[in-house]
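Spelled out, the chains give:
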Amino acid sequence: MKASLVFLVTLLFALMLEALPFPDAFVWFRPEWALLVILYWVIALPYRVGVGVAWMLGIMVDLLQGGVLGQHSLTYVIIAFTCAVFYQRLRMYHSWQQGVFVGLLVSISQLVDFCIDRYLGDAEPTLMIFVPAIITGALWPWSFVVLRSIRRMYAIR
């Protein structure tokens, strides 16, 4: 029960960070908070958190941002599955190496989102779509430390 509550609180906090307003000039610099949190939990607890949780979180992000229903859930499922497959290898890496991997995964997510938006006529081609991936990858070591300390404080296994 305690583990589920802590997990739910971290996901709700990530959704609140996703909902923070950003100025239009800095919209490309918004990190993928929800994806960052789900990646941590998939790497830390792959048998408790997986594709189903990523899909539900993606639906919530879609509802929160008012986009196409299922767009973020599709990308979150792809990324969560990739992390679930490689979680043992990812645990062996240093946090900065994990950050590079997370940046690559988020860039895949951004690319899929861009392709869907482009198909719907909502996006113009630009390389700025990869800036959130770089920022999210750079934030990984700090978010890893914070989430790991929360997991250890509440002895979640």
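Just above, that's the structure.
Remember, predicted model here, so these are calculated numbers, not experimental data. (Residues numbered from 1 in each chain as written. Predicted model: local features only at pLDDT ≥ 70, side-chain atom pairs only at ≥ 80, totals over all residues. Heavy atoms only, no water.)

Draft legend 1. A look at the environment of isoleucine 59. In this fold, isoleucine 59 is placed in helix α3 (residues 51-65). A residue is classified by how much of its surface remains accessible, and isoleucine 59, at 18% relative accessible area, is buried. Linking isoleucine 59 and valine 27, residues 32 residues apart in sequence, is a C-alpha distance of 21 Å. (Helix = DSSP H or I, 4+ residues; strand = E, 2+ residues; numbered from the N terminus. Buried < 20%, exposed > 50% of the residue type's maximum accessible area, 1.4 Å probe, protein only.)

Draft legend 2. Quick look at helix α6 (residues 131-153). Taking 1.5 Å of rise per residue, the 23 residues of α6 would be expected to cover 33 Å, and the 33 Å separating its terminal C-alpha atoms lies within 8% of that figure. Helix geometry: α6 is bent most strongly at tryptophan 140, by close to 45 degrees, with proline proline 141 lying one to four residues after it. When we look at burial in α6, the residues that qualify are Val131, Pro132, Ala133, Thr136, Gly137, Trp140, Pro141, Ser143, Phe144, Leu147 and Arg151. Buried residues in α6 make contact with α1 (2-19), α2 (33-44) and α5 (95-120). Of the residues flanking the end of α6, it is alanine 155, one or two places downstream, whose phi is positive at about 50 degrees. (Expected span 1.5 Å × (residues − 1). Bend = angle between axes of the 7 residues up to and from the residue. Contact = heavy atoms within 4.5 Å.)

Draft legend 3. Looking closely at the packing of aromatic side chains. Scanning the model with the defined rule gives seven aromatic pairs in all. An angle of 85 degrees between the planes, with centres 5.5 Å apart, marks the rings of phenylalanine 7 and tryptophan 41 as edge-to-face. Pair noted here: phenylalanine 7 is in helix α1 and tryptophan 41 is in helix α2, with a separation of 34 residues, a long-range link. Residue classification places tryptophan 41 among the buried positions, given a relative accessible area of 1%. Plain terms: the ring middles of phenylalanine 26 and phenylalanine 29 are 6.3 Å apart, the flat faces sit at 55 degrees to each other, and that makes the pair tilted. (Phe/Tyr/Trp six-rings, centres within 6.5 Å; stacked < 30°, edge-to-face > 60°.)

Draft legend 4. Layout of unusual backbone geometry. Of note in this structure, alanine 155 is not a glycine but carries a positive phi near 50 degrees. Secondary-structure assignment places alanine 155 in the segment after α6.

Draft legend 5. Structural detail: the packing of α2 against α5. Packing of α2 against α5 brings their axes to within 11 Å, and their N-to-C directions diverge by 130 degrees. One way to sum up the angle between α2 and α5 is to call them oblique. The two elements α2 and α5 meet at a crossing, and its hand is right-handed. Only Val102, Leu105, Val106 and Ser109 of α5 make contact with α2, whose side of the interface consists of Leu35, Leu36 and Leu39. Its residues placed into classes, the contact of α2 with α5 shows six nonpolar, one polar and no charged. (Axes fitted to C-alpha atoms, helices over the stretch in contact; angles between N-to-C directions. Parallel < 35°, antiparallel > 145°, perpendicular 65-115°, else oblique. Left-handed = near helix turned anticlockwise from the far one by under 90°. Nonpolar A, V, L, I, M, F, W, Y, C, P; charged D, E, K, R; others polar.)

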